[in-house]
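Residues per chain are reported as follows:
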Amino acid sequence: MSVFDNREYDNHEQVLFCRDPESGLFAIIAIHDTTLGPAAGGCRMWPYATMSDAVYDVLRLSRAMSYKNALAGLPLGGGKAVIIGDPLKEKNEKLLMSFARYVQKLGGQYYAAEDVGIGVEDVEIFAKVSKYVFGLTKTGDPSPFTAIGCFHGIRASVQHKLKRDTLKGLTVAVQGVGKVGQHLCKILHEAGAGLIVADVNSEAVAYAVKNYGAKAVAPGVIYTQEADIFSPCAMGGTINDNTIPQLKASIVAGSANNQLDEARHDKMLHDRGILYAPDYVINAGGMLNASGDIFGEYDVNEVMKKISGLYDVTLRIFETAQQEGRLTSEVADELARQKITEGKVSKK
Ligand code: NAD
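Rules used throughout
As a convention, each chain's residues are numbered from 1 in the sequence order in which they are written. Note on the predicted model: pLDDT of at least 70 is required for a residue's local features to be given, and 80 or more for side-chain atom pairs to be given and counted; whole-chain, interface and lining totals, by contrast, use all residues. Only hydrogens and water are set aside when side-chain values are computed; all heavy atoms of the structure are taken into account. UniProt positions are given in the numbering used here, feature names are shortened, and annotations may be inferred rather than shown by experiment. Only DSSP runs of H or I reaching four residues or more are called helices, and only runs of E reaching two or more are called strands; each is numbered from the N terminus. The pairing criterion for strands is at least two bridges between them, as found by DSSP. Axis geometry follows a simple rule: fit a line to the C-alpha atoms, using only the stretch in contact for helices, then measure angles between N-to-C directions, giving values from 0 to 180 degrees. The contact criterion used throughout is that any non-hydrogen atoms of two residues lie within 4.5 Å. Per-residue accessibility, obtained with a 1.4 Å probe over protein chains only, is compared with the maximum for each type, and a residue is labelled buried under 20%, exposed over 50%, and partly exposed between these values. All residues other than Ala, Val, Leu, Ile, Met, Phe, Trp, Tyr, Cys, Pro, Asp, Glu, Lys and Arg, Gly among them, are scored as polar; the first ten of these are nonpolar and the last four charged. Segmentation of the chain into domains, including their bounds, is taken from an automatic or database domain assignment. Defined in terms of a 1.4 Å probe, buried area is the accessible area two parts forfeit on being brought together, summed over both. Salt bridges, as used here, are contacts in which a Lys or Arg side-chain nitrogen is within 4 Å of a carboxyl oxygen on Asp or Glu. Near, as used in this document, describes a residue that has one of its heavy atoms within 4 Å of the molecule or strand being considered. Definition of a polar contact: a pair of N or O atoms within 3.5 Å, with one able to donate and the other able to accept a hydrogen when the atoms are protein atoms, and with sequence-neighbouring residues admitted only if both atoms are side-chain atoms. Note on areas: Shrake-Rupley with a 1.4 Å probe; residue coverage comes only from the protein chains shown. The handedness of a crossover follows from its direction of travel: if, with the strands pointing away from the viewer, the path from the first strand over the helix to the second runs clockwise, the crossover is right-handed.

Asks: Please give an account of the UniProt feature "active site" (unreviewed entry) in the protein that cites residues and values.
Replies: Mapped onto the present numbering, the UniProt feature "active site" (unreviewed entry) falls on Lys80. By secondary structure assignment, the location of Lys80 is in strand β4 (residues 77-84).

Set out below in structure tokens:
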């Protein structure tokens, strides 16, 4: 099957396959759309089982970046990169610099940052050979900002679904207490919510139990917990045929990218009366912060104002979906596409 036939292809402007035998690099850079500005999105390093898994992932993630940046009001397009390999065993400076040389050759069409398997220190290595990077030590770790955005998205979900303006007394089941999940637990705990957490990393679970009074459960049973909100903050695809029937929560809202295994899973949630907060809308906080590196201006107070605006964006999506009898993910996608089209028209 060619890349053009991939079901996630969606008219990507450019897909670059990068191979450097000397460093061992196998990478793909996908540029979905540059109407609103240069494509910006993280670089993921992951041991994909097959090349088609990597192509599928990079295309899906890259389109989500176009939509995320458009709805966050950023003058940026969407792109993403994947380096194929195990970050724990295969990541080294030579490989990272080899990847960054491809980014540099694109001449600013794509800006790379951290993602799963790639940290701020790795982006610093990219920066040795490419100026088209962001999410550096200047703007810091994006995770706390992503968590704050998610919190606003959860507040909007609670307002819309439960008609409540506080999280006090509600229970949130958090799947994955890594960089974002841990910060989110802190904010939710301070807001008076009860927490149930699961993670394959027992130390991370112990931290949330000790510091935020969370109840720990095994990863396999997090879906079935008596909670008001289910918050996926681990990997993508966890909202699927198998897990949706298990959910007791009436809201799904978290940071993970591509939470719905397939687009049709929003319909399944809707049919069960579960409200879905589109992932790329509520997890844009880190991007709003890190993009300061691209524009060369950074004011944390301005960033926080923009992040709190995600509450209104999310609420507007819910209200439109309800009025028009549509799915929240469809409405979000349509709004994002509209913003991109408006950008196209104004450029003419
Ligand atoms: P992370 O790697 O720090 O945390 C992920 C956590 O999930 C880890 O603690 C891991 O052990 C756990 N996990 C993995 N598989 C699991 C399973 N089956 N069950 C339970 N826990 C499991 O990553 P992060 O930076 O916190 O990001 C979390 C998610 O949010 C990712 O999907 C990421 O793409 C997305 N995201 C992150 C940011 C950001 O600013 N970091 C921004 C946007 C989106």
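Asks: Break down the sheet that holds strand β3 (residues 39-46) for me, with residues and values.
Replies: Hydrogen bonds along the backbone pair up the strands of a sheet, which may run parallel or antiparallel. Overall, mixed pairing links the five strands, which are arranged β1-β2-β4-β3-β5 in an open sheet. Of all the strands in the sheet, the pair left with one neighbour each is β1 (14-20) and β5 (110-113). For this sheet, the mean inter-axis angle between neighbouring strands, taken without regard to orientation, is 20°. Both β1 and strand β2 (residues 25-33) contribute to a ladder of seven bridges, which runs antiparallel. Looking at the pairing, Arg19 lines up with Phe26 of β2. Here helix α1 (residues 51-71) sits on the sheet and contacts β1, β2, β3 and β4; the angle it forms with β4, its principal contact strand, is near 155°.

Asks: Got a sec to walk through the pairing of strand β9 (residues 229-232)? Specific residues and values, please.
Replies: Of the two faces of β9, the one carrying Ile229 and Ser231 and the one carrying Phe230 and Pro232 are both buried. Pairing analysis gives four bridges linking strand β6 (residues 171-175) to β9, with the strands arranged parallel. Its bridge partner being in β9, Val174 is matched across the sheet by Ser231. Looking at chain direction, β9 and strand β10 (residues 251-252) are connected through two bridges and run parallel. What sits directly across from Phe230, in β10, is Val252.

Asks: Run through the packing of helix α5 (residues 143-162) against helix α12 (residues 300-308), naming residues and quoting values.
Replies: One way to put it is that α5 packs onto α12 with a least axis distance of 9 Å and a crossing angle of 35°. Every residue of α12 that contacts α5 at Phe145, Ile148, Gly149 and His152 is listed here: Val300, Val303, Met304, Ile307 and Ser308. A breakdown of the residues in the contact of α5 with α12 according to their chemical character gives six nonpolar, three polar and no charged.

Asks: So what's going on with the domain arrangement of the protein? Residues and values would help.
Replies: For the protein, the assigned domains read domain 1 (11-61 + 77-126) and domain 2 (143-285 + 311-336). For domain 1 and domain 2, the distance between their C-alpha centroids amounts to 27 Å. Contacts between the two partners involve eight residues from domain 1 and, on the opposite side, six residues from domain 2. Between domain 1 and domain 2, roughly 480 Å² of surface is buried when both sides are summed, and carbon and sulfur atoms account for 43% of that area. The interface formed by domain 1 and domain 2 contains zero salt bridges.

Asks: Tell me about the site of the ligand, and please be specific about residues and values.
Replies: Looking at the ligand, there are 21 residues lining it, with Thr146, Lys179, Val180, Asp199 and Ala234 nearest. In the model, an oxygen atom of the ligand is placed 2.9 Å from a nitrogen or oxygen of the Ser255 side chain. Surface burial for the ligand is 77%, taken as the share of its 820 Å² of free accessible area covered by protein chains. At the level of secondary structure, the elements contributing two or more residues to the shell around the ligand comprise α5 and α6 (179-190).

Asks: Go over the pairing of strand β7 (residues 194-198) with me, naming the residues and quoting the values.
Replies: For β7, the tally of buried residues reaches four of five residues, placing the bulk of the element in the interior. In this sheet, β7 lies alongside β6 in parallel orientation, the contact comprising five bridges. When the sheet's bridge partners are listed, Gln175 is paired in β7 with Ala198. Taken together, β6, α6 and β7 constitute a β-α-β crossover, and its handedness is right-handed. Alignment of β7 against strand β8 (residues 215-216), held across two bridges, turns out to be parallel. Looking at β8, one finds that Val197 is bridged to Ala216. Crossover handedness for the path β7 to helix α7 (residues 202-212) to β8: right-handed.

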